[in-house]
Amino acid sequence: MPLIRRLLGRGAGRQERGRKSLPPLTGLSTAAEVTVTPERALQVAAVYSCIRLLAETGSMLPSGVFQRQGASRVPFDEHPAAPLLTHQANPGLPAGEMWAQVLGWMLLRGNSAVYIERSGGGMPIGLWPIAWTSVEPRRAQDTGELVYKVTLADDEWAPIREDDGLVRAENLLHFRSFGIGGVEGLSPIGMARQAVGTGYAATSYIGGFFARDASPGGIVSVPGNLTDGQYERLTRQWKDLHEGFDKAHRLAVLEGGAKWEHTTLSPADAQFLEVYKLTRAEIAGIFGVPPHLIGDVERSTSWGAGIEQQSLGYVIYSLLPWLTRLERTAGRLLGDPGLYLKFNPDALLRGDITQRFTAYAQARQWGWMSVNEIRAKEDEPPIEGGDEYLQPLNMVPAGSPAPAEQRSLPRAPQLRAETAESPSVEDLPAWVTRHQEQIAQFFAEQGERATAALGLRPDATAAEIIDEAAENEQLTEILLQLARGLVTEVGTLTATTLGGTFAADQTLAALAAGAAATAANINASTLRELAHQFTVSNAPADVLAMFERMTQARAAQLAKARVNYLSNFGSHEGAKQAGARTKTWRVWDPNPRPTHLAADGQTVGLREFFTIGSHQGRWPHDYLLGVDEIAGCTCRLQFNL
């Protein structure tokens with residue numbers, strides 16, 4: 001049909017308009033007859049300076065995962081993806097280095113890819129940047145689903161598990177630069193290849209100019225004609241004495257009536273040097289970078305009069321658009337509209353010491369910053385009593401009496417402990433029993449459903465007699481209800497001990513995610529074990545025996561593990577909400593494993609990680625520590641104000 005329409009002349013006008021609407025957006029050649037590739041573009045100093053500046057300043061900023069709670073925003077470090085995005089992307093790559101690579105590829109090729117490594121339960125456990133040259137976006141013809149064909153180069157590695165390297169969109173973060181439609185973003189280098197090609201040509205010409213320059217600032221002329229021997233002698237002597245920039249302006253000895261005439265730089269060469277300078281400013285404009293930040297200080301800047309104003313302009317108009325793209329794309333990994341990643345550019349916007357201290361004084365006077373919050377911004381340790389907020393006496397609605405606390409005598413400060421400890425499993429026997437009973441009951445009912453389905457279809461597979469999605473949903477609800485009760489009790493106790501209060505609702509999102517992941521892991525393990533029961537003729541009897549074992553030993557094991565994890569999580573949240581600053585690892589077992597004994601007394605910030613052997617985790621029984629460091633662990637946490 002398209003061929004018939006072209007032959008009949010139909011739609012010709014529309015196709016012609018489509019071709020003329022934009023210039024070609026692909027290709028490598030330029031008017032300067034220089035083939036521009038991203039790698040060659042980096043040899044242009046202005047291009048390299050812009051990309052390095054944006055990538056390094058973006059990756060150096062502190063970042064965090066936050067949760068929206070009404071009108072407030074609170075840090076949310078409990079999501080499994082939070083440490084990957086803000087601390088360690090994978091075992092061999094810090095998060096900051098990952099963001100530098102991502103920004104570099106976006107600025108150079110317009111696209112960047114990060115592969116998401118997931119656990120058996122579907123939780124993210126690693127982020128692996130992949131060169132965009134190794135990625136090919138594709139769409140399924142029938143469904144339109146977006147997939148990525150990943151073919152790793154010899155010097156790349158990522159734990160890609162998908163067959164044939166076909167990665168679905170939910171397992172790959174695709175960061176795009178500005179685009180006008182389509183799957184891929186536009187490469188700044190490709191779109192501005194004419195300016196980059198001119199800059200490369202100018203750089204090459206200037207280098208050749210200095211290499212070929214053979215004049216000491218003038219011209220040698222002789223009367224009459226020289227013989228071949230005389231010409232060769234004069235030329236060789238002149239090159240030996242004066243060719244090259246390091247021999248310029250040496251003494252010239254002339255003979256035989258030769259004369260030296262002073263000359264200046266040719267108009268063409270002078271104009272080309274000016275083109276080179278203009279190209280630097282043009283390339284800075286392509287990346288939205290102030291020219292003075294890449295060394296072009298010959299022209300006045302309109303980005304502000306002082307360094308603070310210029311830094312503010314750079315952050316707002318140059319850096320923030322790229323950071324916003326990173327935040328929006330990385331938000332897919334969090335899986336909750338109420339959670340988001342945020343880069344903090346405050347470190348680039350610090351004024352001079354007089355301006356900062358004036359702002360701190362106003363914030364302190366008007367009551368929206370405490371002394372310790374101010375000290376934290378200046379990287380100073382907290383002081384005793386520095387968490388109190390001031391309130392001006394006249395800050396009440398017009399016509400209202402003074403607040404009651406201003407009319408009464410000063411009250412004695414509430415006594416509170418300076419430290420608190422997380423409880424152990426032995427301190428929570430009722431919760432262990434409750435978990436074991438409800439998990440065992442779930443296994444028993446699950447076994448009844450499996451044997452009933454097997455009785456109807458003896459030839460059914462494990463996946464056919466167990467509805468994994470329905471089982472996950474049911475078990476998630478059970479685990480979530482148990483978790484809410486236990487965390488509320490432990491968090492409240494810890495916060496009260498430290499003189500604070502505990503808001504259990506702030507932990508609901510983390511508890512729901514943890515319950516779902518645990519339920520998925522438990523049922524996946526059940527399905528794997530169930531699949532082995534169909535290799536013998538008496539499958540129903542083996543299935544019944546399997547679920548009987550699960551209602552006893554496995555339920556008890558899972559109950560202790562869940563109570564251990566939740567008690568540490570709850571006490572950690574309670575301490576955080578009560579204002580604890582640090583936490584200390586404490587060993588209680590008389591015969592601990594060596595890695596735990598080495599960590600005894602290790603103190604870190606409340607939001608930081610303990611180093612246990614070769615792993616890092618937030619508390620005992622944190623899944624980030626791995627099975628070898630969790631099994632049989634009886635360690636506790638001590639929280640310090």
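The shown structure was predicted, so the numbers you read here are calculated from the model rather than taken from an experiment.

### Remarks on the overall build of the chain
From N to C terminus, the chain includes 21 helices and 19 strands. When each of the 641 residues of the chain is scored for burial, the buried share is 39%. Long-range pairs, those at least 24 residues apart, make up 67% of the contacts in the chain between residues at least 6 apart in sequence. Of the accessible surface of the chain, which amounts to about 35,200 Å², a share of 55% is contributed by carbon and sulfur atoms.

### With respect to the packing of helix 4 (residues 45-59) against helix 6 (residues 95-109)
Between helix 4 and helix 6, the shortest axis-to-axis distance is 8 Å and the interhelical angle comes to 150°. One element, helix 4, and the other, helix 6, form an angle in the roughly antiparallel class. Here helix 4 and helix 6 pass one another in a crossing that is right-handed. In contact with I51, L54, A55, G58 and S59 of helix 4, helix 6 contributes G96, W99, A100, L103, G104, L107 and L108. In terms of residue class, the contact of helix 4 with helix 6 is made up of eight nonpolar, four polar and no charged.

### Focus: the confidence of the model for the chain
Caution applies to low-pLDDT regions: their predicted coordinates should not be interpreted in detail. Across the chain, pLDDT averages 74, with 71% of residues at or above 70. Considering only residues more than four positions removed or in separate chains, one finds that residues 264-273, a stretch of pLDDT under 50, has nine contacts. Contacts of residues 404-415 to residues separated by more than four positions or lying in other chains number five contacts, the stretch itself having pLDDT below 50.

### Examining the pattern of salt bridges
By the definition in use, this model includes nine salt bridges. A salt bridge links E78 to K576, with the nearest nitrogen and oxygen atoms 3.3 Å apart. Highlighted residues: E78 in the loop between strand 2 (72-75) and helix 5 (82-86) and K576 in helix 19 (residues 539-577), separated in sequence by 498 residues. Take E78: its relative accessible area is 9%, and that puts it in the buried class. Its relative accessible area of 14% is what places K576 among the buried residues. With its nearest N and O atoms 2.8 Å apart, the salt bridge here joins R581 to D387. Of this pair, R581 sits in the loop between helix 19 and strand 15 (582-586) while D387 sits in the loop between helix 13 (371-377) and helix 14 (404-407), placing them 194 residues apart in sequence. Residue classification places D387 among the partly exposed positions, given a relative accessible area of 38%. By sharing partners, the salt bridges in this structure join E78, E573 and K576 into a single network.

### Examining the sheet that holds strand 8 (residues 146-150)
What holds strands together in a sheet is hydrogen bonding between their backbones, with the strands either parallel or antiparallel. The three strands are arranged 7-8-9 in an open sheet whose pairing can be described as antiparallel. In this open sheet, the two strands that pair with only one neighbour each are strand 7 (135-139) and strand 9 (166-168). Taken over all neighbouring pairs, the strand axes of this sheet differ in orientation by 35° on average, direction set aside. When strand 7 meets strand 8, the two strands line up antiparallel, connected through five bridges. Among the inter-strand pairings, R139 is bridged to a residue of strand 8, identified as L146.

### Quick notes on the side chain of N372
Mapped onto the fold, N372 is located in helix 13. Side chain to side chain, N372 and D387 meet in a polar contact 3.0 Å long. For N372, the residues in contact, after removing those within four places along its chain, are P382, I383, G386, D387 and R581.

### Quick word on helix 6
Under the 1.5 Å per step criterion, the end-to-end length of helix 6 is 21 Å for 15 residues, consistent within 8% with the ideal 21 Å. For helix 6, the set of buried residues is A95, M98, W99, V102, L103, G104, M106, L107 and L108. Two residues or fewer past helix 6, G110 is found with a positive phi of approximately 85°.

### As for the nonpolar core
Core analysis: the biggest nonpolar cluster contains 107 residues, and L85, W99, L127, F287 and L326 have the highest contact counts within it. If one sorts the elements of this core by residue count, helix 19 sits on top with eleven residues. Dropping the residues within four chain positions of it, L326 is found in contact with W99, V102, L103, M106, F175 and F343. Of all hydrophobic cores here, the second largest spans 13 residues; its members include Y115, V135, V167 and L172.

### A word on a nonpolar patch on the surface
Taken together, the side chains of L312, I316, Y317 and L320 present a nonpolar region at the surface, about 370 Å² in accessible area. Following the sequence through the fold, L312 ends up in helix 11 (residues 307-330).

### Considerations on the side chain of T494
Along the chain, T494 turns up in helix 17 (residues 468-497). For T494, the contacting residues outside a window of four places in its chain are A420, S571, G574, A575 and F639.

### Notes on the packing of aromatic side chains
For any two aromatic rings, the description comes down to two numbers: the centre-to-centre distance and the angle of the planes. A complete count under the given rule lists seven aromatic pairs for this structure. Taking 6.5 Å as the distance between ring centres and 5° as the angle between the ring planes, the aromatic pair formed by Y565 and F569 counts as stacked. With a gap of four residues between them, Y565 and F569 both fall in helix 19, about one helical turn apart. Judged on exposure class, the residue Y565 and its partner F569 are both buried.

About the thresholds
- Residues numbered from 1 in each chain as written.
- Predicted model: local features only at pLDDT ≥ 70, side-chain atom pairs only at ≥ 80, totals over all residues.
- Heavy atoms only, no water.
- Helix = DSSP H or I, 4+ residues; strand = E, 2+ residues; numbered from the N terminus.
- Buried < 20%, exposed > 50% of the residue type's maximum accessible area, 1.4 Å probe, protein only.
- Contact = heavy atoms within 4.5 Å.
- Areas by Shrake-Rupley, 256 points an atom, 1.4 Å probe, with all protein chains shown as cover.
- Axes fitted to C-alpha atoms, helices over the stretch in contact; angles between N-to-C directions.
- Parallel < 35°, antiparallel > 145°, perpendicular 65-115°, else oblique.
- Left-handed = near helix turned anticlockwise from the far one by under 90°.
- Nonpolar A, V, L, I, M, F, W, Y, C, P; charged D, E, K, R; others polar.
- pLDDT = per-residue confidence, 0-100.
- Salt bridge = Lys/Arg side-chain N within 4 Å of Asp/Glu carboxyl O.
- Pairing = 2+ DSSP bridges.
- Polar contact = N/O pair within 3.5 Å; in protein donor to acceptor, adjacent residues only side chain to side chain.
- Expected span 1.5 Å × (residues − 1).
- Core = buried A, V, L, I, M, F, W, Y, C linked by side-chain atoms within 4.5 Å.
- Patch = residues over 30% accessible without salt bridge, like charges linked within 9 Å, V, L, I, M, F, W, Y side chains within 5 Å.
- Phe/Tyr/Trp six-rings, centres within 6.5 Å; stacked < 30°, edge-to-face > 60°.

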